[in-house]
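Geometric and topological summary
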Amino acid sequence: MPDAPAIDDITTALEAWAPPGSAQDYDNVGLQVGDASRSVTSAVLALDATPAVLAEAKAHDAELVVTHHPLLFRPLDGVTADGYVSNLALQFAEAGIGLYSIHTNLDAAPEGVSFALAERLGLTDVGFLDGFADTLYKLAVFVPEDAFDEVRRALADAGAGRIGDYEACAFASEGTGFFKPGAGADPHIGTAGGDVESAHERKLEVEVARWNLSSVMAALQEAHPYEEVAHDLYPVKQKNSRAGLGALGHLEAPMPLSAFLDRVATRLDAGSLRYAGDPDATVERVAVCGGAGSDFIGPARGAGADAYVTADVKYHEFFETLGRDGTPQMALVDPGHYETEALTEALLRDRLREAFPQVDWHRTDTTTSPMRTFVPEGDAGTVSS
């Protein structure tokens, strides 16, 4: 059995899948409490950090809790026993249990939260609903022939050239570079203060995601033999194929919206759901977004979805599904925030069990959402969790 990994080993593996740089600007992901060098033999996975989840972690002798939603969304004035967030952070610290959050970066990752939601609802041929724009760069660098393969491999290892399901993508063209070393230079070819030199070079072009840019540029400087590395870096105006939000797919067979609503409620264990749409309409093409995804109602309609499943939809946003005559052009289904994201716990468990089988991974037994649904029953009414 391999040695127990450190928290840092686990977070490095998670961040290779869901880079922190792909998180939304408002988010706060990463290690929130704890020592990254601490070894982990047991860990708890939950949607939210709560006192009950912390109690579970203690019962399992866990050194780490991984949550989807961050406990620390906003800066604290102090870590004290006052207030829910501050007090819970203090309890994690006093217990010596690390707390790590993987939030909107996991929403944006391939096979992330929305892909798991699509799978739960039985969708096939699943891809991103809306790819990230303004996150790609093209790096062009001029490399001497004898160092080309080393530089190309170094950039690929650092994350450059990842397009869709392909890695190490690059393009090369040949040419001649000219330069005159200055008196204080340390040239790879020629002598300081000497004449104009020429070298047979290849122009290497690779695509780089914004969140990989710093590591790629560091790898370039390390691998390239020139003292001054001539390169061009410019934005690429196309959507990223390896990161986005929401997912889009197809049901294996069309069904009426009424049957689809029953499927959503049953498979997401939703006590109730809100929707707009014609119960008799046919549903085949479906868009989903775990958590609050009302910003993608337009993209879902534009993609030709018959139904869009997401959460936290405001009253007036349901009107965005209507046509000129007021009839629904697409069904909009809101089962609840927790209900569309609770499957994240199993998603993380399965991924981490495969990567670190020597760790005991425990999915929480706690329903971490504080929200409950009241369903009237006669005069008394019932309360559902």
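Rules used in this analysis
Residues numbered from 1 in each chain as written. Predicted model: local features only at pLDDT ≥ 70, side-chain atom pairs only at ≥ 80, totals over all residues. Heavy atoms only, no water. Helix = DSSP H or I, 4+ residues; strand = E, 2+ residues; numbered from the N terminus. Contact = heavy atoms within 4.5 Å. Areas by Shrake-Rupley, 256 points an atom, 1.4 Å probe, with all protein chains shown as cover. UniProt positions renumbered as here; feature names shortened; annotations may be inferred. Buried < 20%, exposed > 50% of the residue type's maximum accessible area, 1.4 Å probe, protein only. Polar contact = N/O pair within 3.5 Å; in protein donor to acceptor, adjacent residues only side chain to side chain.

Within the chain, the secondary structure is distributed over eleven helices and 17 strands. If you line up the chain on its principal axes, its C-alpha atoms span 95 × 60 × 45 Å. Restricting the contact set of the chain to residue pairs at least 6 apart, pairs at least 24 apart contribute 72%. Accessible area of the chain: about 19,000 Å², with a carbon and sulfur share of 48%.

This next bit is on the UniProt feature "binding site: a divalent metal cation" (unreviewed entry) in the chain. Listed under "binding site: a divalent metal cation" (unreviewed entry) in the UniProt record, and renumbered for this structure, are H68, H69, D107, H337 and E341. These residues run over 274 residues, yet every pair of their C-alpha atoms falls within 13.2 Å of each other. Residue position: H337 is located in helix 10 (residues 337–341). Given a relative accessible area of 23%, H337 falls into the partly exposed group. Once you skip the residues sitting within four places of it in the chain, H337 turns out to touch H69, G291, A292, A311 and D312. Side-chain polar atoms of H337 contact the side chain of D312, separated by 2.7 Å. Residue class for E341 comes out buried when judged on its relative accessible area of 2%. Beyond its immediate stretch of four places on either side in the chain, E341 contacts L47, H68, H69, D107, V113, G290 and G291.

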